[in-house]
Amino acid sequence: MVLEGREMDGIGNTMQKKAAELERLAEVLVTGEQLRLRLHEAKVIKDRRHHLRTYPNCFVAKELIDWLIEHKEASDRDTAIKIMQKLLDQSIIHHVCDEHREFKDLKLFYRFRKDDGTFPLDSEAKVFMRGQRIYEKLMNTENSLLQTREEEGGTFERALLASEFIDWLLQEGEMATRDEAERLGRRLLEHGIIQHVSNKHHFADGPLLYQFRMNFRRRRRLIELLHERSRCIPESHDSPFCLRKQNSDGGNTSFLSVSPTKEIKVVVGVRRSSLSSSCGSSGYYSSSPTLSSSPPVLCNPKSVLKRQIVGDAVGWGFVVRGSKPCHIQAVDPGGPAAAAGMKVCHFVVSVNGLNVLSHDYRTVSNLILTGPRTIVMEVMEEA
């Protein structure tokens, strides 16, 4: 069954209430798991003895704080304590004897609950963990599920065909029946893990295309746990999807940054579409402008340039700000965007073939976030 129009709006209103909570949960789970794996690899987590008793798979709080500072995950010991307290509050870690509810900068043993089987698997956590496992399976195995596909005249990279995805879930033993697999797909979409390529439909067993919205392999900075974020791009130019090489002390970075003082006049021919509800900044269904693929009429551009940017493990290396049209506010000199010729003060004309001249930076950023790793952008300079 495909839901559209008013039905989708109703779903959007309900899901937006949970969006911020789910976002925080996802970030804590994924960030905590990435830290756990790194600490195992660095041998910070290991079996330890105290008073003739062995405590398996644990770490010493004081040593961990040293490690966080050494690896520039925290600027000082107080910040490191706050980060780990966040993980403790979310039941990601705990004191080995559950005697301390505070994370202390002492020679105390703590352990990740996933290492001793005590992690509380509520329904929300299960969805994210299932989504992460499926994502890793798809990334680590050779299959033809993720490929460039077309739907309604649009081309989408790394897209899944819903019916083939369900076939794969059954083949891999993830689900026993097609109905169960379809329900899983709907849960993944409702939690912002996957989405319909043009945000028109909920998940349904059929010929519709979907993409992973959440990149579980993106390297999360632990400091992000201390900042409450929604799926919208924050007002500061520390954008989580594109900035690279951020200083842990929050001081000056090597980014070139500027805010244009001129305005560029644009006349845009907007083609109406049947899309009545699309994915807003929260990642769930809400009312937002319809992106148009109609060519714009530019009044005074000096030049229009096409830039193809291949993202790396931490993003694309630029920041979008402003509206109608939005502009490139900052570029990392050592990042993919700079290598592709992106410059500050460029105005954004289109992203992956979609005209975005009439949209603000939140819509454009969301389009980049949910698109393929390689993005094609048209930009123009001031006259």
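The structure this text deals with has already been given above.
My aim in this report is to walk through the structure given alongside it, one point at a time. (Residues numbered from 1 in each chain as written. Predicted model: local features only at pLDDT ≥ 70, side-chain atom pairs only at ≥ 80, totals over all residues. Heavy atoms only, no water.)

## Notes on the pairing of strand S15 (residues 318–322)
The side chains of a regular strand alternate between the sheet's two faces.
Link 1 in the chain: With respect to burial, S15 is a largely interior element, four of its five residues being buried.
Link 2 in the chain: Two strands pair when backbone bridges link them, and S15 and strand S16 (residues 326–331) are joined in this way by five bridges, in the antiparallel orientation. For Val-319, the partnering residue across the bridge sits in S16 and is Ala-330.
Link 3 in the chain: Here S15 hands over to S16 after three residues, with Lys-324 in that stretch at a positive phi of 50°. (Buried < 20%, exposed > 50% of the residue type's maximum accessible area, 1.4 Å probe, protein only. Helix = DSSP H or I, 4+ residues; strand = E, 2+ residues; numbered from the N terminus. Pairing = 2+ DSSP bridges.)

## Some details on the sheet that holds strand S6 (residues 154–161)
Link 1 in the chain: The four strands are arranged S5-S6-S8-S7 in an open sheet whose pairing can be described as antiparallel. Both edges of this open sheet fall to strand S5 (147–151) and strand S7 (194–196), since each of them pairs with a single strand only. Recorded for the sheet is a direction-independent mean angle of 55° between the axes of neighbouring strands.
Link 2 in the chain: By the bridge criterion, two bridges tie S6 to strand S8 (residues 209–212) in an arrangement that is antiparallel. Within S8, the position partnered with Leu-161 by the bridge is Leu-209.
Link 3 in the chain: Across the face of the sheet, helix H5 (residues 123–140) comes into contact with S6 and S8 while running at roughly 100° to S8.
Link 4 in the chain: On the sheet, helix H7 (residues 178–190) packs against S7 and S8 and is oriented at approximately 95° with respect to S7. (Axes fitted to C-alpha atoms, helices over the stretch in contact; angles between N-to-C directions. Contact = heavy atoms within 4.5 Å.)

## Let's talk about unusual backbone geometry
Link 1 in the chain: Residues other than glycine seldom take positive phi values, yet Asp-98 does so here, at roughly 55°.
Link 2 in the chain: The backbone phi angle of Glu-152 is positive, close to 50°, even though this residue is not glycine.
Link 3 in the chain: Position of Glu-152 among the secondary structure elements: in the loop between S5 and S6.

## Some thoughts on the nonpolar core
Link 1 in the chain: Membership of the largest hydrophobic core comes to 58 residues, with the highest contact counts inside it found for Phe-59, Met-84, Phe-103 and Phe-165.
Link 2 in the chain: Elements supplying a minimum of two residues to this core: helix H1 (5–41), helix H2 (61–70), helix H3 (77–89), strand S4 (109–112), H5, helix H6 (162–171), H7 and S8.
Link 3 in the chain: Sequence-distant contacts of Phe-59, defined by excluding residues within four places in its chain, comprise Val-44, Ile-45, Arg-48, Leu-64, Met-84, Ile-93, Phe-103, Leu-108, Phe-109, Tyr-110, Arg-111 and Phe-112.
Link 4 in the chain: Grouped together as the second largest cluster of nonpolar side chains are 19 residues, Trp-316, Val-320, Met-377 and Val-379 included. (Core = buried A, V, L, I, M, F, W, Y, C linked by side-chain atoms within 4.5 Å.)

## Concerning the sheet that holds strand S1 (residues 46–50)
Link 1 in the chain: Taken together, four strands build an open sheet; the order of strands is S1-S2-S4-S3 and the sheet is antiparallel. Looking at which strands have only one partner, the edges of the open sheet turn out to be S1 and strand S3 (93–95). The mean angle between the axes of side-by-side strands here comes to 55°, regardless of whether they run parallel or antiparallel.
Link 2 in the chain: The pairing of S1 with strand S2 (residues 53–60) spans four bridges and is antiparallel. Looking at S2, one finds that Arg-49 is bridged to Thr-54.
Link 3 in the chain: Seen against the sheet, H2 touches S1, S2 and S4 and runs at an angle of roughly 25° to S2.

## Focus: the packing of H5 against H7
Link 1 in the chain: Where H5 contacts H7, the axes come no closer than 10 Å and their chain directions differ by 100°. Compared by their axis directions, H5 and H7 come out roughly perpendicular. Along the contact surface, H5 presents Ser-123, Glu-124, Val-127, Arg-130, Gly-131 and Ile-134, while H7 presents Leu-184, Arg-187 and Leu-188. (Parallel < 35°, antiparallel > 145°, perpendicular 65-115°, else oblique.)

## A short note on the pattern of salt bridges
Link 1 in the chain: Tallying each qualifying case throughout the model produces 18 salt bridges.
Link 2 in the chain: Taking the shortest distance from any N to any O, the salt bridge between Arg-178 and Asp-205 comes out at 2.9 Å. In this pair, Arg-178 sits in helix H7 while Asp-205 sits in the loop between S7 and S8, placing the two residues 27 residues apart along the sequence.
Link 3 in the chain: Looking at Asp-205, the relative accessible area reads 32%, which means it is partly exposed.
Link 4 in the chain: One network of salt bridges, in which partners are shared, links Arg-130, Arg-133, Lys-137, Glu-172 and Glu-174. (Salt bridge = Lys/Arg side-chain N within 4 Å of Asp/Glu carboxyl O.)

## As for the environment of Arg-178
Link 1 in the chain: A relative accessible area of 31% means that Arg-178 is categorised as partly exposed.
Link 2 in the chain: Arg-178 sits 15 residues away from Ser-163 along the chain, and the two C-alpha atoms are 9.2 Å apart.
Link 3 in the chain: In terms of polar contacts, Arg-178 uses its side chain to reach the side chain of Asp-167, at 2.6 Å. (Polar contact = N/O pair within 3.5 Å; in protein donor to acceptor, adjacent residues only side chain to side chain.)

## As for H5
Link 1 in the chain: Given a rise of 1.5 Å per residue, 18 residues ought to cover 26 Å, and the 26 Å separating the end C-alpha atoms of H5 matches this to within 8%.
Link 2 in the chain: Looking at H5, one finds that the buried residues are Glu-124, Ala-125, Val-127, Phe-128, Gly-131, Gln-132, Ile-134, Tyr-135 and Leu-138. (Expected span 1.5 Å × (residues − 1).)

## Topic: the packing of aromatic side chains
Link 1 in the chain: As enumerated under the stated definition, the model contains nine aromatic pairs in all.
Link 2 in the chain: On the basis of an interplanar angle of 35° and a centroid distance of 4.7 Å, the ring pair of Phe-103 and Tyr-110 is categorised as tilted.
Link 3 in the chain: Each ring, one from Tyr-135 and one from Phe-212, has its centre 5.2 Å from the other, and the planes form 75°; the classification is edge-to-face. Of the two residues, Tyr-135 sits in helix H5 while Phe-212 sits in strand S8, which places them 77 residues apart along the sequence.
Link 4 in the chain: Joined through ring pairs, the aromatic side chains of Phe-59, Phe-103, Tyr-110 and Phe-112 make up one cluster. (Phe/Tyr/Trp six-rings, centres within 6.5 Å; stacked < 30°, edge-to-face > 60°.)

## A word on the environment of Gly-334
Link 1 in the chain: Its location among the elements puts Gly-334 in the loop between S16 and helix H8 (336–339).
Link 2 in the chain: Residue Gly-334 is classed as partly exposed on the basis of its relative accessible area, which comes to 46%.
Link 3 in the chain: Residues Gly-334 and Gly-317 lie 17 residues apart in sequence; the distance between their C-alpha atoms is 7.9 Å.

## Description of the side chain of His-346
Link 1 in the chain: Residue position: His-346 is located in the loop between H8 and strand S17 (347–351).
Link 2 in the chain: Residue His-346 is classed as buried on the basis of its relative accessible area of 2%.
Link 3 in the chain: Within polar-contact distance, the side chain of His-346 engages the backbone nitrogen of Lys-343 at 3.3 Å.

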